[in-house]
Amino acid sequence: PQNEYIELHRKRYGYRLDYHERRRKKEGREAHERSRKAKKMIGLKAKLYHKQRHAEKIQMKKTIKMHEKRNTKKKNDEKTPKGAVPAYLLDREGQSRAKVLSNMIKQKRKEKAGKWEVPVPKVRAQGETEVLKVIRTGKRKKKAWKRMVTKVCFVGDGFTRKPPKYERFIRPMGLRFKKAHVTHPELKATFCLPILGVKKNPSSPLYTTLGVITKGTVIEVNVSELGLVTQGGKVIWGKYAQVTNNPENDGCINAVLLV
Amino acid sequence: NMSLDEDVQRLLIQFRDEAGESLGSPFDVPVTITPDKLQLVCNALLQKDEPVPLAFFVHDAEIVASLEKTLAGQSVETEKVLDIIYQPQAVFRVRAVTRCTSSLEGHTEAVISVAFSPTGKYLASGSGDTTVRFWDLSTETPQFTAKGHRHWVLSIAWSPDGKKLASGCKNSQIFLWDPATGNQIGRVLAGHSKWITCLCWEPLHINPECRYLASASKDGSIRIWDTLMGRCDKILTSHTQSVTCVKWGGDGLLYSSSQDRTIKVWRSQDGVLCRTLQGHAHWVNTMALSTDYVLRTGAFEPAEATINPQDVSGSLAELKDKAQQRYDQVRGQEPERLVSGSDDFTLFLWRPAEDKKPLERMTGHQALINQVLFSPDTRIIASASFDKSIKLWDGRTGKYLTSLRGHVSAVYQIAWSADSRLLVSGSSDSTLKVWDAKMKKLAIDLPGHADEVYATDWSPDGQRVASGGKDKCLR
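What counts, and at which threshold
Residues numbered from 1 in each chain as written. Chains lettered and ligands numbered in written order. Predicted model: local features only at pLDDT ≥ 70, side-chain atom pairs only at ≥ 80, totals over all residues. Heavy atoms only, no water. Helix = DSSP H or I, 4+ residues; strand = E, 2+ residues; numbered from the N terminus. Buried < 20%, exposed > 50% of the residue type's maximum accessible area, 1.4 Å probe, protein only. Contact = heavy atoms within 4.5 Å. Areas by Shrake-Rupley, 256 points an atom, 1.4 Å probe, with all protein chains shown as cover. Core = buried A, V, L, I, M, F, W, Y, C linked by side-chain atoms within 4.5 Å. Disulfide = S-S within 2.5 Å. UniProt positions renumbered as here; feature names shortened; annotations may be inferred. Pairing = 2+ DSSP bridges. Axes fitted to C-alpha atoms, helices over the stretch in contact; angles between N-to-C directions. Buried area = accessible area lost by both parts, 1.4 Å probe. Salt bridge = Lys/Arg side-chain N within 4 Å of Asp/Glu carboxyl O. Nonpolar A, V, L, I, M, F, W, Y, C, P; charged D, E, K, R; others polar. pLDDT = per-residue confidence, 0-100. Expected span 1.5 Å × (residues − 1). Patch = residues over 30% accessible without salt bridge, like charges linked within 9 Å, V, L, I, M, F, W, Y side chains within 5 Å. Lys, Arg positive; Asp, Glu negative; His and termini not counted. Charge placed at Lys NZ, Arg CZ, Asp CG, Glu CD.

Visitor: Looking at this structure, I do not really get the overall build of chain B. What am I missing?
Guide: Counting its secondary structure elements, chain B contains 5 helices and 35 strands. In chain B, which comprises 475 residues, the share counted as buried stands at 57%. The long-range fraction of contacts in chain B, counting pairs at least 24 apart against all pairs at least 6 apart in sequence, stands at 51%. Accessible surface, chain B: about 19,700 Å² in total, of which carbon and sulfur atoms supply 47%.

Visitor: How should I be thinking about the overall build of chain A in this particular structure?
Guide: When you go through chain A residue by residue, the secondary structure sums to 8 helices and 8 strands. The buried share of chain A, reckoned over its 259 residues, is 25%. A fraction of 47% describes how many contacts in chain A between residues 6 or more apart in sequence connect residues 24 or more apart.

Visitor: It is not clear to me how the nonpolar core should be interpreted in this structure. Could you clarify?
Guide: Side chains that are nonpolar tend, in soluble globular proteins, to be buried together. The biggest cluster of nonpolar side chains holds 28 residues, and the ones touching the most others in it are Ile222(B), Val246(B), Trp248(B), Leu254(B), Tyr255(B), Ile263(B) and Leu338(B). Setting aside residues no more than four positions away along its own chain, Leu338(B) makes contact with Tyr255(B), Ile263(B), Leu277(B), Met287(B), Ala288(B), Leu289(B), Phe348(B), Leu349(B), Trp350(B) and Pro352(B). Of all hydrophobic cores here, the second largest spans 19 residues; its members include Phe154(A), Ala180(A), Val198(A) and Ile253(A).

Visitor: Honestly, the state of the cysteines in this entry has me stumped. Any pointers?
Guide: What is meant by a disulfide is a covalent connection between two cysteines, made through their sulfur atoms. Per the counting criterion, the structure on display carries 0 disulfides over all chains. Free of any disulfide, Cys245(B) has its nearest cysteine sulfur in Cys198(B), 4.2 Å distant.

Visitor: I'm lost on the UniProt feature "repeat: WD" (unreviewed entry) in chain B in this one. Help?
Guide: UniProt records the feature "repeat: WD" (unreviewed entry) for residues 104-145, 146-187, 189-226, 236-276, 362-403, 404-436 and 446-475 of chain B in the present numbering. Along residues 446-475 of chain B, the helical share is 0% and the strand share 40%, with 10 Å between the first and last C-alpha atoms.

Visitor: Any chance you could explain the sheet that holds strand E22 (residues 284-289) of chain B here in plain terms?
Guide: Neighbouring strands of a sheet are bound in pairs by backbone hydrogen bonds; such pairs are parallel or else antiparallel. All names here are of chain B. Judged by pairing direction, the sheet is antiparallel, and its 4 strands sit side by side in the order E22-E23-E24-E25 without closing on themselves. The outermost strands of the open sheet, each flanked by one partner alone, are E22 and strand E25 (360-362). This sheet shows a mean twist of 20° between the axes of neighbouring strands, independent of strand direction. As defined by bridge partners, strand E23 (residues 338-342) adjoins strand E24 (residues 347-350) across 4 bridges and the pair is classed as antiparallel. Paired with Leu338 across the strands is Trp350, a residue of E24.

Visitor: I'm lost on the interface of chain B and chain A in this one. Help?
Guide: A common measure of how large an interface is: the accessible area buried when the components associate. Taken together, the contact pairs 28 residues of chain B with 15 residues of chain A. Between chain B and chain A, a total of about 1,700 Å² is buried, with carbon and sulfur atoms accounting for 56% of that surface. Looking at the side of chain B facing chain A, the largest losses of area belong to Glu109(B), Trp152(B) and Tyr454(B), adding up to 28% of the total buried there. Counting every contact that joins chain B to chain A gives 0 salt bridges. Of the residues belonging to the side of chain B that touches chain A, the class tally is 11 nonpolar, 11 polar and 6 charged.

Visitor: Please explain the sheet that holds strand E30 (residues 411-416) of chain B as it appears in this structure.
Guide: Residue and element names in this part refer to chain B. With antiparallel pairing, 4 strands are arranged side by side in an open sheet as E30-E31-E32-E33. In this open sheet, the two edge strands, each paired with only one partner strand, are E30 and strand E33 (441-446). On average, each strand axis in the sheet is tilted by 25° relative to the strand beside it, whichever way the strands run. Sheet topology places E30 next to strand E31 (residues 422-427); 5 bridges connect them, and they run antiparallel. In the sheet register, Val411 faces E31, and the bridge partner there is Ser427.

Visitor: What should I look at first to understand the pairing of strand E11 (residues 165-169) of chain B in this one?
Guide: In regular strands, side chains alternate between the two faces of the sheet. Residues and elements named next belong to chain B. Summarising burial for E11: 5 of the 5 residues are buried, a large majority. As defined by bridge partners, strand E10 (residues 153-158) adjoins E11 across 5 bridges and the pair is classed as antiparallel. In the sheet register, Trp158 faces E11, and the bridge partner there is Leu165. Counting the residues in the hairpin turn of E10 and E11 gives 6 residues, including Gly162, whose phi is positive at 75°. Of the pairings in the sheet, the one linking E11 to strand E12 (residues 173-177) comprises 4 bridges and is antiparallel in character. Within E12, the residue paired with Ser167 across the bridge is Phe175. Two successive antiparallel strands, E11 and E12, enclose a turn made up of 3 residues, where Ser172 displays a positive phi of approximately 65°.

Visitor: Is there a simple way to think about the pattern of salt bridges in this case?
Guide: Pairing between side chains of opposite charge can happen when their charged atoms approach one another. Overall, the coordinates contain 20 salt bridges over all chains when judged by the stated rule. The closest approach of N and O atoms between Lys433(B) and Asp445(B), which form a salt bridge, is 3.2 Å. Of this pair, Lys433(B) sits in strand E32 (residues 432-436) while Asp445(B) sits in strand E33, placing them 12 residues apart in sequence. Looking at Asp445(B), the relative accessible area reads 38%, which means it is partly exposed. Sharing partners across several salt bridges, the network here consists of Arg124(A), Glu130(A), Lys151(A) and Glu248(A).

Visitor: I'm lost on the confidence of the model for chain B in this one. Help?
Guide: As a note on interpretation, predicted positions should not be read in detail where pLDDT is low. Residue and element names in this part refer to chain B. When the pLDDT values of chain B are averaged, the result is 83; 90% of them are 70 or greater. Of all secondary-structure elements in chain B, the lowest mean pLDDT belongs to helix H1 (residues 2-7), at 50, while strand E27 (residues 380-385) reaches the highest, 92. The low-confidence segment residues 1-5 (pLDDT under 50) makes 1 contact with residues lying over four places distant or belonging to another chain. For this predicted complex, the interface score ipTM comes out at 0.73, alongside a pTM of 0.62.

Visitor: Where do I start with helix H3 (residues 43-71) of chain A in this structure?
Guide: Two residues of an α-helix separated by three or four positions point the same way, owing to the 3.6 residues in each turn. Residues and elements named next belong to chain A. For H3, which comprises 29 residues, the first-to-last C-alpha distance of 42 Å matches the rise-based estimate of 42 Å (1.5 Å per residue) to within 8%. Among all positions of H3, only Ala46, Tyr49 and Arg53 are buried. Each element contacted by the buried residues of H3 is listed here: helix H2 (19-40).

Visitor: Is there a simple way to think about a positive patch on the surface in this case?
Guide: Residue and element names in this part refer to chain A. Residues Arg22, Lys25, Lys26 and Arg29 make up a contiguous surface patch of positive charge. In this fold, Arg22 is placed in helix H2. Accessibility expressed as a relative area gives 48% for Arg22, which makes it partly exposed.

Here it is as structure tokens:
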């Protein structure tokens with residue numbers, strides 16, 4: 001990894017002796033600096049800034065109110081939750097889980113057969129000219145064997161580049177992503193989950209091995225945050241999700257969890 | 001005709017009852033004898049006032065058409081005496097429920113427990129909308145709504161005299177209700193820390209006042225409550241995980257099954273742990289005692305049921321005697337048997353009063369077992385499982401009899417009719433099916449529920465079946 005040099009330096013040499021004190025004082029000054037700037041700003045810049053600040057203040061007020069509410073004791077909500085189940089079904093996670101498991105088994109079978117039942121079934125296949133850009137190298141810029149990936153990709157934790165002289169596919173750091181915004185289709189909630197790997201890119205197996213993420217790619221995400229458990233009691237920590245947007249246009253990866 | 005008889009082979013037979021005692025002396029019958037004639041002979045030997053219907057078994061095979069046909073597959077030695085075992089069947093017959101007489105609406109959330117009172121006079125149902133409703137059976141309309149719980153009413157249990165109903169909820173509270181007025185009796189019984197999974201009253205023949213109640217909870221403890229004083233009498237802690245079922249046996253023993261894979265046997269007198277029955281590989285979901293039905297109905301005799309169910313009358317001593325008689329009759333000479341069903345897809349048959357080791361391990365199911373029930377005459381065990389089938393096993397030895405298939409999804413609860421001939425099962429595929437236990441076949445299909453059927457019960461007088469489920473209505 002090439003982007004952790006600051007942390008690396010800190011680990012090796014530690015902090016300046018007055019670092020913490022200076023940081024504390026700088027943070028203390030922030031409120032004053034902010035108000036000074038806000039007073040002095042003029043023009044379009046000021047308008048934009050004030051608008052943004054107004055929105056921020058509204059949010060702050062909301063959180064303060066919530067904290068205040070927390071401190072006061074309120075009577076517990078009388079409403080009993082819906083979805084009553086008899087005693088013998090209480091500790092069980094219900095039939096939907098059984099369906100989940102059977103679906104998982106079916107998924108595995110389909111996977112073996114090469115078929116997938118996914119939310120985004122058909123995607124426009126992306127040709128090489130679109131995904132890979134030709135990089136000319138050599139003294140006369142005549143050699144054209146290098147390619148640079150123009151789409152978002154995922155490289156994995158222990159990734160180290162090959163020596164630049166021998167590198168055929170360049171994956172720019174700016175287009176490497178580690179997290180995806182994954183939506184659970186039934187709960188309708190979105191979580192930012194770390195990506196574990198690219199399972200299949202529908203356009204080409206080459207992109208799958210490179211880790212290129214385009215619309216319709218199936219990725220594996222780390223769902224230990226969600227706390228899902230199988231019927232046997234084991235914690236599920238990886239699940240598949242399918243990408244639903246064009247990440248190279250949006251700057252983020254949005255995906256839908258495949259249950 | 002004598003001439004015809006002479007041509008036919010004759011055999012020596014000896015009648016024996018189920019316990020092995022012989023009736024009369026051996027005598028000679030033609031091989032073509034039918035069950036009717038055998039019945040005449042046997043009744044004559046029994047010398048009872050009224051002829052009792054009997055079933056005859058030779059080498060564990062029932063004699064249906066004639067003795068010859070039953071012995072067709074078996075090699076018979078004409079010199080030896082053949083043992084024919086006779087079993088008295090219930091004198092009364094319960095007619096199969098054929099149709100839904102009414103659908104009782106009123107609950108605003110799923111109905112999760114349904115129970116008929118021991119005489120069949122009242123019907124109570126507990127639901128997710130925190131109320132317990134009493135229904136008038138003659139007009140099939142709601143009678144009382146008992147409010148008081150603050151969370152789902154998970155389990156309800158009638159006292160064996162039918163005068164009280166105990167209900168336990170998910171907030172670990174137990175309420176007692178009077179079915180005649182719908183009001184709460186006494187105080188709220190609170191003490192458990194997690195929800196109540198099961199309630200069981202003390203049998204009538206031990207205490208005709210119906211004073212003590214046992215409750216099992218997810219917190220792993222069993223509490224015995226004194227309903228007269230409204231307080232907890234004993235706390236039995238030993239289970240390490242949720243207690244799924246508690247049964248009060250007729251011999252002064254209390255049985256409890258738990259998710260920690262064990263069944264514990266306690267002395268109900270002082271709450272001391274007698275035995276721990278181990279053997280299951282996963283949660284023990286359910287238990288059934290061979291004397292369950294008799295303990296539930298107390299002094300009420302289903303054979304004496306009238307069209308309009310009445311409360312059992314008589315002084316406490318009379319009730320106690322009657323209940324004791326009925327209990328002794330069903331129990332016979334042997335100790336109570338206990339069958340337990342578990343998540344590991346097997347059932348175990350135990351004799352908990354005697355032995356720590358199971359009598360028999362009954363395998364065959366392909367998914368977890370949700371409920372097991374002895375038939376009221378204790379001859380058959382029925383087990384309902386999530387693999388969509390119900391299996392019947394012999395009540396004494398635990399041998400597999402047959403599988404009843406027909407449901408398309410998990411079978412949740414089952415109930416026997418009072419004469420042990422019919423079995424009704426409710427399933428998550430929203431249908432109920434009535435099975436004939438003799439023919440081992442489906443008798444009637446009862447569709448009509450809109451969603452999963454969570455609870456099923458057959459009234460002890462055999463007239464009605466009630467079922468409630470996720471669609472919030474009771475049928």
